[in-house]
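Listed here are the chains, written in short residue letters.
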Amino acid sequence: MYATIADVFRQTVLKHPKQEAIVDVRKNVRWTYAQWDAHVNRLANALTEAGIRKGDTVSTFLYNGVEFSSVYFACAKIGAVINPINFRLKEREIHYILSDADTRLLVYEQALKEEVEKASAAIPHLIRWMVDPQEADAAVGYYDRVGRASTAPPEADLTEEDICSVMYSSGTTGRPKGVLHRHREIVEQSMAMIAYMHYAEGEKGLIVNPMFHCGELHSGFFSRVHVGGGNVIMHRFDARKALRLMQDERIASMVAVPTIWKMLLQEDLSQYDLSHFRVGMYGGESMEPAVIRECLDRFGIDLVQAYGMTEMGPTVALLTFSRGNPPLHKAGAAGKAVLNHEIRVVRLNDDGPTKPDETLPPGEVGEIIVRGSCVMAGYRNNETATREAMHDGWYRTGDLGYKDEDGDLWVVDRKSNMIVSGGENIYPKEIEYTLAEHPAVRETAVVGAPDAKWGETVVAFVVAKSPVTEAELNEHCKRHLANYKRPRKYFFVAELPRNGAGKVLHRQLKEMAKSNLIAQEESQ
């Protein structure tokens, strides 16, 4: 019988009871595994007393903290299905998820109650537990219920095939879909991350990414627990506070989106002792070679690029940039499949699903499909979407890419982001990489906008780090890109719109480009 998430936690507690397990910086909580286990048992028993049974959904609407971490393992112990909700979502989005997930109990923070109360008003059966209620709040107090419960281990009949979580995808192309994962898939993901990140007993990791996102939850947090490591949790990210924690807590590892790495690099790192820091991971988007080199040199770490998606738990491919001899010419690549997984690039098929046996030679762009031990069980309440995504045993990512002569995967773009102009296929990432090479560009995103003559035209949104003109960027692109790929319009913005996972919202940018171009035409 394979281990469940609850088994992993129990085994770690038995092996490392006195090891420091979790540090909640904001609440000044510092627990060993034995202390944390007692709290998790109380919480699990409190959930059971509230009527939560195996298979029931427990949602969280929380910032990073000890409560989120504890709900995760309490649900695992009693067989409940955890549903972490992005704390940036609004009433309508929250209501949709609570309804689709059939949530029985919601744990949330007082600071987020306004959206919760509006979203849950029409869900009469929902039990609400607030972490830090005020006297006037109607919700049940989380700590009131937990404090009255027993510390005895709860009893539950669990297997590795049971559903452990439903995590809603970012929804960049429409309504978010509830991705169902089983215990076995998450334990497999954890073991793969341990193999590549070399997480170890007694080492601490710093949590700066939102824990509702599976990139942090399963590639960092859970894997450290798996080996008896510690997790230091920031409620919300602040660059200088993070660096101080890295020094004071002797942080060895961190998972962060590229934006966070870039923010840290803007600080004076010489003011901090980062000698224990040895490895970092980034994902969601690639990083420029110069930024990778700067991370390696200034932090003195190895840096791991991760490629994946919620449906894969999330990581399916990795590429390591080691301090000694980093393959900087591979910057932008996704790397090779993680242990027990396979990645293929197959021919696009306009008449139906792509076929796994129609693999393409190196350098030729097609759809990326994957299979392996971490692939989701399916989408909740959406058999049609499950059938479309899971075909012939392979998960169709919807990403376009190719493999190079070394077998490394390169992600060109989402199929939905591809621009077709004058019959030519244009991949925005190629243009984004080119623009990012300009010294005045901090970051950029490229989309297609409707064009009466060409079908679509290329539009670039640019966040500048120093003054730069459209003419200067155009000259830069002329030197490095074919004429049909060059942006025909540039919009300079203070920041790019992103979802909770840190991914750029291309659909929103497309609408912005369309409306801006229409407005310009009308004013002429």
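### A word on the overall build of the protein
- Across its full length, the protein holds 15 helices and 27 strands.
- The C-alpha radius of gyration computed for the protein amounts to 23 Å, which stays within 12% of the reference 24 Å derived for 524 residues, consistent with globular compactness.
- With the C-alpha coordinates of the protein rotated into their principal frame, the extents come out at 70 × 50 × 50 Å.
- With 524 residues in all, the protein has 57% of them scored as buried.
- Put simply, 67% of the contacts in the protein that link residues at least 6 apart link residues at least 24 apart.
- Roughly 22100 Å² of accessible area belongs to the protein as shown, and the carbon and sulfur atoms make up 47% of that amount.
- In the protein, which carries 62 positive and 71 negative side-chain charges, the distance between the mean positions of the two groups comes to 1 Å.

### Let's talk about the nonpolar core
- In terms of nonpolar packing, the biggest core is built from 51 residues, with W36, F73 and F221 touching the most fellow members.
- The dominant element in this core, judged by the number of residues it contributes, is helix α3 (residues 66–78), at nine residues.
- With near-sequence residues (within four places) excluded, W36 lies in contact with F9, A21, I22, W31, S69, S70, F73, F221 and V225.

### Examining the state of the cysteines
- In the structure shown here, the tally under the stated rule is zero disulfides.
- Left without a disulfide partner, C214 is nearest to the cysteine sulfur of C374, which lies 11 Å away.

### What to know about the environment of L509
- Secondary-structure assignment places L509 in helix α15 (residues 506–523).
- Each C-alpha atom of the pair L509 and R42 lies 46 Å from the other, and the pair is 467 residues apart in sequence.
- In contact with L509, not counting residues within four places along its chain, are A445, V447, F461, P497 and V504.

### Examining the pattern of salt bridges
- As enumerated under the stated definition, the model contains 31 salt bridges in all.
- K118 is paired through a salt bridge with E115; the nearest N and O atoms lie 3.7 Å apart. In this pair, K118 and E115 are both assigned in helix α5 (residues 113–120), three residues apart and thus about one turn of the helix distant.
- By relative accessible area, which is 15% here, E115 ends up buried.
- Within the structure, one salt-bridge network assembled from shared partners comprises K330, K336, D404, D406 and D408.

### As for the environment of G283
- With respect to the secondary-structure elements, G283 resides in the loop between β13 (279–282) and α11 (289–299).
- For G283, a relative accessible area of 17% translates into the label buried.
- The spatial distance from the C-alpha of G283 to the C-alpha of V257 is 5.6 Å, given a sequence separation of 26 residues.

### Considerations on unusual backbone geometry
- Here the bond from G313 into P314 is cis, since omega is 10 degrees, no more than 30 degrees from zero.
- Inspection of the secondary structure puts P314 in the loop between β14 (302–308) and β15 (315–321).
- The backbone phi angle of H198 is positive, close to 55 degrees, even though this residue is not glycine.
- One can find H198 in the loop between α7 (183–197) and β10 (204–207).
- By relative accessible area, H198 is classed as exposed at 53%.
- Unlike most non-glycine residues, D392 shows phi in positive territory, near 60 degrees.
- Mapping D392 onto the fold places it in the loop between β20 (390–391) and β21 (394–403).

Quick notes on the rules
- Residues numbered from 1 in each chain as written.
- Predicted model: local features only at pLDDT ≥ 70, side-chain atom pairs only at ≥ 80, totals over all residues.
- Heavy atoms only, no water.
- Helix = DSSP H or I, 4+ residues; strand = E, 2+ residues; numbered from the N terminus.
- Rg over C-alpha atoms; globule rule 2.2 N^0.38 Å.
- Buried < 20%, exposed > 50% of the residue type's maximum accessible area, 1.4 Å probe, protein only.
- Contact = heavy atoms within 4.5 Å.
- Areas by Shrake-Rupley, 256 points an atom, 1.4 Å probe, with all protein chains shown as cover.
- Lys, Arg positive; Asp, Glu negative; His and termini not counted.
- Charge placed at Lys NZ, Arg CZ, Asp CG, Glu CD.
- Core = buried A, V, L, I, M, F, W, Y, C linked by side-chain atoms within 4.5 Å.
- Disulfide = S-S within 2.5 Å.
- Salt bridge = Lys/Arg side-chain N within 4 Å of Asp/Glu carboxyl O.

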